[in-house]
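# A structural walkthrough
In case you want the letters, here they are:
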Amino acid sequence: MKLKNICAVLLIVFAFSISPSFAADNSAHEQKTCPVMGGKINKDIYADYEGKRVYFCCDACISPFKKDPAKYITKLEGEGVVLETVPTGDAHHDHEHDHEKKPSTGN
């Protein structure tokens, strides 16, 4: 019985290792998922850190990101995500801002 279990486990491991659908895609691409919860990003919800813009799926994800932004940026970049550069629209501001943009409430 143990031999059958071992064979089953080895077969599963082998299937995952050769299947391209399970392989990590480390090619460079834009951010599509939230680094905190993994949901689809909302480009109206973001935080800027050290010149990089990180998008989130919801407002609740901003707080965990702000506690350890390097952790989440490293995670995204390790997945091949190329983060957007913070737009520089004002020549008088050459320092970093850590802020978030939230969708309007419609008021």
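The coordinates are above.
Read on for a plain summary of the structure. (Residues numbered from 1 in each chain as written. Predicted model: local features only at pLDDT ≥ 70, side-chain atom pairs only at ≥ 80, totals over all residues. Heavy atoms only, no water.)

### Quick look at the nonpolar core
The cut-off we apply is this: The set of buried Ala, Val, Leu, Ile, Met, Phe, Trp, Tyr and Cys residues whose side-chain atoms join them within 4.5 Å is what this entry labels a nonpolar core. Relative accessibility thresholds used throughout: buried, under 20% of the residue-type maximum; exposed, over 50%; partly exposed, between the two (1.4 Å probe, protein chains only). Helix and strand labels come from DSSP, where a helix needs a run of H or I of at least four residues and a strand needs a run of E of at least two; each type is numbered from the N terminus.
Among the nonpolar cores identified, the biggest contains 13 residues, and V54, F56, F65, I73, L76 and L83 are the most heavily contacted of them. At the level of elements, β1 (42-49), β2 (52-56), α2 (62-67) and α3 (69-78) are the ones that each hand at least two residues to this core. Here this core gets three residues from one element, more than from any other, and that element is α3.

### Some details on the pattern of salt bridges
Between side chains of opposite charge, a pair can form when the charged atoms approach closely. Basically, it comes down to this: One speaks of a salt bridge when a side-chain nitrogen belonging to Lys or Arg is within 4 Å of a carboxyl oxygen belonging to Asp or Glu.
Throughout the structure, instances matching the rule amount to three salt bridges. With its nearest N and O atoms 2.8 Å apart, the salt bridge here joins E84 to K43. Of this pair, E84 sits in strand β3 (residues 84-85) while K43 is found in strand β1, placing the two residues 41 residues apart along the sequence. Owing to a relative accessible area of 42%, K43 belongs among the partly exposed residues under this scheme.

### A few points about empty space enclosed by the protein
Short version of the rule: Only protein atoms enter the 1 Å grid used here, on which a cavity is any set of points holding a 1.4 Å probe that cannot leave and a pocket is any open set flanked by protein within 12 Å on both sides along at least five of seven lines; residues with an atom within 4 Å of a point are listed as lining. Grid points are joined across faces, edges and corners, and a volume is the space filled by probe spheres set on the points. Residues were grouped as follows: Ala, Val, Leu, Ile, Met, Phe, Trp, Tyr, Cys and Pro as nonpolar; Asp, Glu, Lys and Arg as charged; and all remaining residues, including Gly, as polar.
Counted by the stated rule, this structure contains one cavity of 30 Å³ or more. Quantified by volume, the largest cavity comes out at close to 30 Å³. What lines the largest cavity is simply E30, Q31, K43, R53, Y55, L83 and E84. Class assignment of the residues belonging to the lining of the largest cavity gives a composition of two nonpolar, one polar and four charged.

### Some details on the side chain of D48
Within the element layout of this structure, D48 appears in strand β1. Given the relative accessible area of 2%, D48 is considered buried.

### Section: the packing of aromatic side chains
Applied cut-off: For this analysis, a ring pair means two rings from Phe, Tyr or Trp (six-membered ring only for Trp) whose centres lie within 6.5 Å, classed as stacked if their planes differ by under 30 degrees, edge-to-face if by over 60, and tilted for the remaining angles. Definition used: whenever NZ (Lys) or CZ (Arg) falls within 6 Å of the ring centre and also within 35 degrees of the ring normal, the charge is taken to sit over that ring.
Taken as a whole, this structure holds three aromatic pairs when the rule is applied. Plain terms: the ring middles of Y46 and Y55 are 5.9 Å apart, the flat faces sit at 70° to each other, and that makes the pair edge-to-face. With a relative accessible area of 6%, Y55 lands in the buried category. With 5.2 Å between their ring centres and 65° between their planes, F56 and F65 make a pair best called edge-to-face. Neither F56 nor F65 differs from the other in exposure class; each is buried. Counting every residue linked through ring pairs, the aromatic cluster contains F56, F65 and Y72. One Lys or Arg, R53, reaches over the ring of Y46 and ends 3.8 Å from the middle of that ring.

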